[in-house]
Amino acid sequence: MATKKAPAEHALPLNQILAGDCIDLMESLPEASVDLIFADPPYNLQLKGELHRPDNSRVDAVDDHWDQFSSFAAYDEFTRRWLAAAKRLLKPHGAIWVIGSYHNVFRLGAELQNQGFWILNDVVWRKSNPMPNFRGKRLTNAHETLIWASRDEAAKYTFNYEALKALNEGIQMRSDWVIPLCTGHERLKDETGSKAHPTQKPEALLHRVLLATTNPGDVVLDPFFGTGTTGAVAKMLGRDFIGIEREESYRKAAAERIARIRKFDASALEITGSKRAEPRVPFGQVVERGMLRPGEELYSLGNRFTAKVRADGTLVGNDVKGSIHQVGAAYERAPSCNGWTYWHFKRDGKMIPIDILRQQIRSEMEADGARPN
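Residues numbered from 1 in each chain as written. Predicted model: local features only at pLDDT ≥ 70, side-chain atom pairs only at ≥ 80, totals over all residues. Heavy atoms only, no water.

Description of helix H6 (residues 229-236)
So, point 1. Within H6, 7 of the 8 residues are buried, which leaves it mostly tucked inside the rest of the structure.
So, point 2. Thr229, Thr230, Gly231, Ala232, Val233, Ala234 and Met236 are the residues of H6 that are buried.
So, point 3. Considering only its buried residues, H6 is in contact with strand S3 (34-39), helix H5 (203-213), strand S8 (219-222), strand S9 (240-245), helix H7 (248-259) and helix H8 (266-269).
So, point 4. Downstream of H6 by a residue or two, glycine 238 has a phi angle that is positive, lying close to 75°. (Buried < 20%, exposed > 50% of the residue type's maximum accessible area, 1.4 Å probe, protein only. Helix = DSSP H or I, 4+ residues; strand = E, 2+ residues; numbered from the N terminus. Contact = heavy atoms within 4.5 Å.)

Listed below in structure tokens is the structure:
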């Protein structure tokens, strides 16, 4: 994969790594053209001298020139400018993720709010294999923080809740993620065998971010591309990416890495969707279509209760009438009830959930190109 110079005006350079300053290049891209931004900006670590282990060996810490700023004011101005350029690029319903350590994440969060982004979550990435605190004067820094924010308060951002829940074995995903540091075969090395980048992020982290907050075909921008973790995961998941990186060695490593990536096939890219995103089907449509007839009897789970279908799509039972949900809740003396799974009808002696009929209607609606209400 070849790296590119600044894009032509109004062109969107999909699946390319742009060479140069992130602010200049973002300002040259079309406005409102990006679905998601993942930003891993310099942390401004303010390291004072070299760091050594107890055996006096030198720690390969982040002391690169790109992480050094003359003052907090200089760092804040840099943050203000790149976030303003990022906001201009986001589509109205776009969102941004930024990641940082205690050195900079509070400054990032304040500037996000200053510019009108709407913070949705902060996520603690807890490293299962953190680097020890060799000086023994502070707690081991075992986490980093991600901030997820929509472009503004009213943005209808993407959140694939059910997919994240499936990823977490059916349990709602929490805001503390235990993921190991990038090590082993995933860690890129240069010609000398040293780390190609000091803060390469693990693919597992980006997989979770992109699975949660993008869909196949979305455009993901990473203005601090480094060795291309965002691009590699985006390609695997069928998303388009734009990378910006001014360091030639990082661009070279990223291009070689992404060229080796194979996109997952279409069936593997499908994720568990939200039931709220499915076409809404009132029970009355089941009656209108003759799938159930007025007067037909429905049976509760366990066959303990019965109710009759009425012409307007409501049910009537013993001293109770209302929707399929209301009647089920009344029988069970519960605050709510999912009538679609609670009620059954009989066909050829078998009990069949009425939800089968709803799914049949949904299939027809989707085949006709219907959209959720």
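So that's the structure; there's more coming.
A look at the nonpolar core
So, point 1. Within the largest apolar cluster, 36 residues are counted, with the highest numbers of intra-cluster contacts made by Trp97, Leu146, Trp177, Leu205, Val209 and Leu210.
So, point 2. Only S3, strand S4 (90-100), strand S5 (118-126), strand S6 (143-150), helix H4 (161-167), H5, H6 and H7 provide two or more residues apiece to this core.
So, point 3. Sequence-distant contacts of valine 209, defined by excluding residues within four places in its chain, comprise Leu36, Phe38, Trp97, Leu146 and Trp177.
So, point 4. One finds Ala39, Trp82, Leu108 and Leu112 within the second-largest nonpolar core, a separate group that totals 30 residues. (Core = buried A, V, L, I, M, F, W, Y, C linked by side-chain atoms within 4.5 Å.)

Quick notes on the environment of tryptophan 343
So, point 1. If you trace the backbone, tryptophan 343 turns up in the loop between helix H11 (339-342) and strand S14 (344-347).
So, point 2. For the pair formed by tryptophan 343 and phenylalanine 305, sequence separation is 38 residues and the distance between their alpha carbons is 9.3 Å.

A few points about the confidence of the model for the chain
So, point 1. Scored by pLDDT, the chain comes out at a mean of 86, with 88% of its residues at no less than 70.
So, point 2. Within the model, pLDDT remains below 50 along residues 57-62, and this stretch shows 19 contacts once partners closer than five positions in the same chain are excluded. (pLDDT = per-residue confidence, 0-100.)

Re the packing of aromatic side chains
So, point 1. Tallied over the entire structure, the rule returns 13 aromatic pairs.
So, point 2. For the ring pair tyrosine 75 and phenylalanine 78, a centre distance of 6.4 Å and an interplane angle of 50° mean the geometry is tilted. Of this pair, tyrosine 75 and phenylalanine 78 both sit in helix H2 (residues 72-89), 3 residues apart, which is roughly one turn of that helix.
So, point 3. Seen in terms of ring centroids, tryptophan 97 and tryptophan 148 are 5.5 Å apart; in terms of plane orientation they differ by 5°. Their pairing is stacked. In this pair, tryptophan 97 is assigned in strand S4 and tryptophan 148 in strand S6, connecting sequence segments 51 residues apart. (Phe/Tyr/Trp six-rings, centres within 6.5 Å; stacked < 30°, edge-to-face > 60°.)

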